[in-house]
Amino acid sequence: MKTLRTFLLLSLALLEVAGAQDPGKEVIGQVRTEVLFGTSGPVTSLGDGVIVVSAAEKTRLQKVSKLEPYRNFVKLGSVEQHILKGYKSWAQPIRNSQALMLTFQPQASIKESRKLRLDVEYWQKSKMALRWDRVFEVGKRVYLVGPKWRDGNLIITVELVSLVKK
């Protein structure tokens, strides 16, 4: 009888441990990231995978005061990524390239609205190059001015696509 009781208690304890999950791995939302490139020079040398941005987005980008008045804007890559509750989430906006990576780590959610404060880090060849600490709202795209590159500027766009309701 004592052996059976011990076995049952041990079995229940193992089930609890096996069923317990790391709360930090809980998905709390989704973010879309795009890498844009602005230049006044030609964009033909960037290859076949680039997409010219729409006229409306070009007009929006030309109004960004921290950017030079570039004539050409193209999208180099895009990705949607889950945001984990307690860990950094890595995004690779340019497929199969680790030369440019982004991380997202939540800092706080704002309960009155569909907003989330995120630390966003720009990694270039395994070294963190830039960091932003911003509040993102579901459905609103934020433009982050990245580093100079070639004869222009990289621009990172981040949009909070969804946020899990509590």
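Note that this is a predicted model, so its numbers are computed, not measured.

1. Looking at the packing of aromatic side chains
The relative placement of two aromatic rings is captured by the distance of their centres and the angle of their planes.
No. 1: Evaluated as defined, the whole model comprises 3 aromatic pairs.
No. 2: Aromatic pair phenylalanine 37 and tryptophan 149: ring centres 4.9 Å apart, planes at 80°, arrangement edge-to-face. Linking phenylalanine 37 in strand E1 (residues 27–39) with tryptophan 149 in strand E8 (residues 141–149), this pair joins segments that are 112 residues apart in sequence.
No. 3: For phenylalanine 37, a relative accessible area of 1% puts it in the buried group.

2. Examining the pairing of strand E3 (residues 72–84)
Sheet faces and side chains relate simply in a regular strand, where the side chains alternate between the two faces.
No. 1: Inspection of the sheet shows E1 paired to E3 by 12 bridges, in the antiparallel sense. Note on E3: the bridge partner recorded for phenylalanine 37 is valine 74.
No. 2: As paired strands, strand E2 (residues 51–52) and E3 are joined by 2 bridges and run antiparallel to one another. By the bridge assignment for E3, valine 52 is matched with valine 74.

3. Let's talk about the pattern of salt bridges
No. 1: Taken as a whole, this structure holds 11 salt bridges when the rule is applied.
No. 2: In this structure, the salt-bridge partner of glutamate 57 is arginine 141, at a minimum N-O distance of 2.3 Å. Remark: arginine 141 occurs in strand E8 and glutamate 57 occurs in helix H2 (residues 55–62); sequence separation between them is 84 residues.
No. 3: Classification of glutamate 57 by relative accessible area gives buried; the value is 9%.
No. 4: Residue class for arginine 141 comes out partly exposed when judged on its relative accessible area of 31%.
No. 5: With its nearest N and O atoms 2.6 Å apart, the salt bridge here joins lysine 148 to glutamate 68. Taken together, the residues span a long stretch of sequence, with lysine 148 in strand E8 and glutamate 68 in the loop between H2 and E3 at a distance of 80 residues.
No. 6: Lysine 148 gets classed as exposed once you look at its relative accessible area, which sits at 54%.

Basis of the calculations
Residues numbered from 1 in each chain as written. Predicted model: local features only at pLDDT ≥ 70, side-chain atom pairs only at ≥ 80, totals over all residues. Heavy atoms only, no water. Phe/Tyr/Trp six-rings, centres within 6.5 Å; stacked < 30°, edge-to-face > 60°. Helix = DSSP H or I, 4+ residues; strand = E, 2+ residues; numbered from the N terminus. Buried < 20%, exposed > 50% of the residue type's maximum accessible area, 1.4 Å probe, protein only. Pairing = 2+ DSSP bridges. Salt bridge = Lys/Arg side-chain N within 4 Å of Asp/Glu carboxyl O.

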